[in-house]
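Survey of secondary and tertiary structure
Each chain, letter by letter, is given below.
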Amino acid sequence: MKSRVIQDEPEPTDLIDAPAATGASHEDKELKMTAIAMPAAEADGRPVADTANGSVVAAHELSRRYGEGETAVDALRGVSLQVVPGKLTAVMGPSGSGKSTLMHLLAGLDQPTSGEVTIAGTSIGKLNDTDLTKLRREHIGFIFQFFNLLPMLSAEENVVLPLSLAGEKLDRKWVDELMKRIGLAERSNHRPSELSGGQQQRVAIGRALVSKPTIVFADEPTGNLDSKTGGEILDLMRNSVDTYGQTTVMVTHDPRAAAIADRILFLADGVIVRDLGRTEAHEVIAVTEELAR
Ligand code: ADP
Ligand code: MG
């Protein structure tokens, strides 16, 4: 998959129709998701959240078991939640607690063993592949820890890739604004290899925002960056929530990152063990320590 995406430039439909991988490595999975999770654009205006039931994405009693028999792993064991529109939600928890699994399920990139995910009012378990892809394109943006940019494309081409794949017309003004907002207007023609890690992640954020999706998921977006660069990325994430009302769910290990969130969910062993509002970094650390006991 990886080499095909990069070397052969397959047709968009080729990428979009790729079946969901189970048991794939994280890297493979993330590349695949970059390719297939491209949301489509609203014709104009700001992100439009389906607020009919007060939530844009909801999970009901989600469970996810990997493998079978004695070696089976229960990554999620009954998670229910409603994502609050227009807010930044942080997801914390120790390594292996099920954070990435939860993000993949909420984004419709993986299927639960049991339970239900609703995206913008649609229960996605009943959708066929084509309809699910369409729904994802329209409603979901995804930011990965390792950026997952396409190396042969420029910064701007990477940012607008979701629109290109969907055959959408470019809104020049919006793309220019976005390139400025992510601080890459002067470097729009640079390839990822010519950019720093922080700049590459900003490209990835632009790519997630370009379609004005209903919701953006970020899985440890600062996990591969130094502290100062990570801080800039967090500012940008917060900024997109405040400026565009961009509903965002962000997995993080960093109490400082969680402290910019409006809500913090703590996962442990595949269940939500805390659900807090705005919380300062030192309190986040205290809760983390308490849960580790
Ligand atoms: P986190 O993101 O919090 O570190 P994950 O959701 O990646 O946690 O993983 C939760 C649990 O599920 C871990 O025990 C992990 O080893 C397991 N797991 C994750 N993905 C797979 C997979 N594709 N196959 C088997 N086990 C997996
Ligand atoms: Mg993870």
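Not measured: the values here are computed from a predicted model. Note on numbering: residues in each chain are counted from 1, in written sequence order. Note on labels: chains are lettered from A, ligands numbered from 1, in written order. In keeping with the predicted nature of the model, local features appear solely for residues at pLDDT of at least 70, side-chain atom pairs appear and are counted solely at 80 or more, and the whole-chain, interface and lining totals rest on all residues.

**Some remarks on the overall build of the protein**
On a plain count of helices and strands, the protein comes out with 11 helices and 10 strands. Exposed residues have 12 or fewer other C-beta atoms within 10 Å of their own C-beta, buried residues have 20 or more, and residues in between are partly exposed; the C-beta atoms are placed from the backbone. A buried classification covers 44% of the 293 residues belonging to the protein. Restricting to contacts in the protein with at least 6 residues of sequence separation, those with at least 24 account for 71%. Under the DSSP-based scheme used, a helix requires at least four consecutive residues in state H or I and a strand at least two consecutive residues in state E, with every element numbered from the N terminus. By the criterion used throughout, residues are in contact when their C-beta atoms, derived from the backbone, lie within 7 Å.

**Notes on the site of ligand 1**
Around ligand 1 there are 13 residues in total, and Tyr66, Ala75, Lys99, Ser100 and Thr101 lie nearest to it. Looking at the shell around ligand 1, the elements with two or more residues in it are strand E2 (73-82) and helix H4 (99-106). If one sorts the elements of the shell around ligand 1 by residue count, H4 sits on top with three residues. Looking at the shell around ligand 1 residue by residue, the class counts come to three nonpolar, nine polar and one charged. A residue counts as near a molecule or strand when its C-beta atom, positioned from the backbone, falls within 6 Å of it. Side-chain classes follow a simple rule in which Ala, Val, Leu, Ile, Met, Phe, Trp, Tyr, Cys and Pro form the nonpolar group, Asp, Glu, Lys and Arg form the charged group, and the remainder, Gly included, forms the polar group.

**Thoughts on the confidence of the model for the protein**
Residues at a pLDDT of 70 or more form 82% of the protein, whose mean pLDDT is 84. When the criterion is pLDDT under 50, residues 1-53 qualifies, and its contacts beyond four places in sequence or with other chains add up to 92 contacts. Scored from 0 to 100, pLDDT reflects the predictor's confidence in each residue.

**Remarks on the packing of helix H8 (residues 197-209) against helix H9 (residues 227-244)**
Helix axes use the C-alpha atoms of the stretch in contact, all axes being lines fitted to C-alpha atoms, and the angles between their N-to-C directions lie in the range 0 to 180 degrees. In the contact formed by H8 and H9, the axes pass within 9 Å of each other and the chain directions differ by 15°. With respect to H9, the axis of H8 lies roughly parallel. Along this stretch, H8 crosses H9, giving a crossing that reads as right-handed. For the pair formed by H8 and H9, the contact residues are Gly197, Gly198, Gln201, Arg202, Ile205 and Leu209 on the first element and Thr229, Glu232, Ile233, Leu236 and Ser240 on the second. For the contact of H8 with H9, the residue count by class is four nonpolar, five polar and two charged. Small angles under 35 degrees read as roughly parallel and large ones over 145 as roughly antiparallel, with 65 to 115 read as roughly perpendicular and the rest as oblique. Should the near helix be turned anticlockwise from the far one by less than a right angle, the crossing is left-handed, and should it be turned clockwise, the crossing is right-handed.

**Describing the nonpolar core**
In terms of nonpolar packing, the biggest core is built from 66 residues, with Ala90, Val91, Leu106, Phe217 and Met250 touching the most fellow members. Among the elements that make up this core, the one with the highest residue count is H8 (five residues). In plain words, the nonpolar core is the set of buried Ala, Val, Leu, Ile, Met, Phe, Trp, Tyr and Cys residues that C-beta atoms within 7 Å link up.

**Looking at the environment of aspartate 219**
By secondary structure assignment, the location of aspartate 219 is in strand E7 (residues 215-219). A C-alpha to C-alpha distance of 6.6 Å links aspartate 219 and serine 100, two positions 119 residues apart in sequence. Among all residues touching aspartate 219, those that are not within four sequence positions of it are Ser100, Met103, Phe144, Gln145 and Val251.

**Topic: the sheet that holds E2**
Read from one edge to the other, the open sheet built from four strands follows the order E2-E1-E4-E5, with strand pairing classed as antiparallel. Only two strands of the sheet have a single partner each, and these edge strands are E2 and strand E5 (122-123). Two strands are said to pair when DSSP picks up at least two bridges between them. Alignment of strand E4 (residues 114-119) against E5, held across two bridges, turns out to be antiparallel. Within the sheet, the bridge partner assigned to isoleucine 119 lies in E5 and is threonine 122. H4 rests against strand E1 (57-66), E2 and E4 of the sheet, and its axis sits at about 125° to E1.

**Remarks on the pairing of strand E9 (residues 263-268)**
The pairing of strand E3 (residues 88-92) with E9 spans four bridges and is parallel. Residue pairing across strands places methionine 92 opposite phenylalanine 266, the latter belonging to E9. Hairpin connection from E9 to strand E10 (residues 271-276): two residues lie between these consecutive antiparallel strands, with aspartate 269 at a positive phi of about 50°.

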